[in-house]
Amino acid sequence: MIKIDHLIKEFDGGVRAVDDISLHVQAGEVFGFLGPNGAGKTTTIKILTTLLQPTSGTVRIAGHDVSQDPL
């Protein structure tokens, strides 16, 4: 299960790559993550995989908060 609530990622200089997205994917569901260039897809995936820390919001995978429990 993936649960993203009010995720924001802002880089230096005020560039907001991810602007307040929320997404819930239940166990067993298949989803596509689509959008135009610059929409924040790669940045969101990097946050999900703990390569980046979010500026604000929460991301939980299988009940684990990726900011508090990255391993």
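Below is a summary of the structure that appears in this document. (Residues numbered from 1 in each chain as written. Predicted model: local features only at pLDDT ≥ 70, side-chain atom pairs only at ≥ 80, totals over all residues. Heavy atoms only, no water.)

### Description of a nonpolar patch on the surface
The line we're drawing: Note that patches include only residues with greater than 30% relative accessible area and no salt bridge, and the join distances are 9 Å for like charges and 5 Å for nonpolar side chains (Val, Leu, Ile, Met, Phe, Trp, Tyr). Residue exposure ignores everything except the shown protein chains as possible cover, and the areas themselves are Shrake-Rupley values with a 1.4 Å probe. By definition here, a salt bridge exists when the distance from a side-chain nitrogen of Lys or Arg to a carboxyl oxygen of Asp or Glu is within 4 Å. Helix and strand definitions follow DSSP, with helices as H or I runs of at least four residues and strands as E runs of at least two, each counted in order from the N terminus.
Together, Phe31, Phe33 and Ile45 give the surface a local cluster of nonpolar side chains, amounting to about 240 Å² of exposed area. Within the element layout of this structure, Ile45 appears in helix H1 (residues 41–48).

### What to know about the side chain of Asp65
Note the following rule: For the exposure calls, accessible area comes from a 1.4 Å probe over protein chains only, and a residue counts as buried if that area is under 20% of its type's maximum, exposed if over 50%, partly exposed in between. The charge count treats Lys and Arg as positive and Asp and Glu as negative. His and the chain ends do not count. Polar contact is the term for a pair of N or O atoms within 3.5 Å; when the atoms are in protein, one must be able to donate a hydrogen and the other to accept it, and sequence-neighboring residues count only if both atoms are side-chain atoms. Any two residues whose heavy atoms approach within 4.5 Å are treated as being in contact.
Structurally, Asp65 is set in strand S4 (residues 64–65). No salt bridge is formed by the buried Asp65. Its closest oppositely charged neighbour is Arg60, at 4.0 Å. Side-chain polar atoms of Asp65 contact the backbone nitrogen of Ser67, separated by 2.8 Å. Beyond its immediate sequence surroundings of up to four residues, Asp65 is in contact with Val59, Arg60 and Pro70.

### Overview of H1
What counts is decided by this rule: This arc describes the spread of directions from the helix axis toward the C-beta atoms.
Thr43, Thr44, Ile47 and Leu48 are the residues of H1 that are buried. Relative to the axis of H1, the buried residues are bounded by an arc of 140 degrees and lie together on one face. In this fold, the buried residues of H1 make contact with strand S1 (2–11), strand S2 (15–25) and strand S3 (56–61). Two residues or fewer after H1 comes Thr50, characterised by a positive phi angle close to 65 degrees.

### Some points on the environment of Ala17
Residue placement: Ala17 occurs in strand S2. Assessed through its relative accessible area of 19%, Ala17 is described here as buried. Considering only alpha carbons, one finds Ala17 and Ala39, 22 residues apart in sequence, at a separation of 7.1 Å. Setting aside residues up to four positions removed in sequence, Ala17 forms contacts with Lys9, Phe11, Ala39, Gly40 and Thr43.

### Quick notes on the nonpolar core
For clarity, the threshold we go by: Within this scheme, the nonpolar core is defined by two criteria: the residues are buried Ala, Val, Leu, Ile, Met, Phe, Trp, Tyr or Cys, and they are joined through side-chain atoms within 4.5 Å.
The biggest cluster of nonpolar side chains holds 9 residues, and these are Ile2, Ile4, Leu7, Val18, Val25, Ile47, Leu48, Val59 and Val66. Those elements giving two or more residues to this core turn out to be S1, S2 and H1. In terms of residues, this core owes the most to one element, S1, which gives 3 residues. Every residue in contact with Ile47, bar those within four places of it in the chain, is listed here: Leu7, Lys9, Leu52, Pro54, Val59 and Val66.

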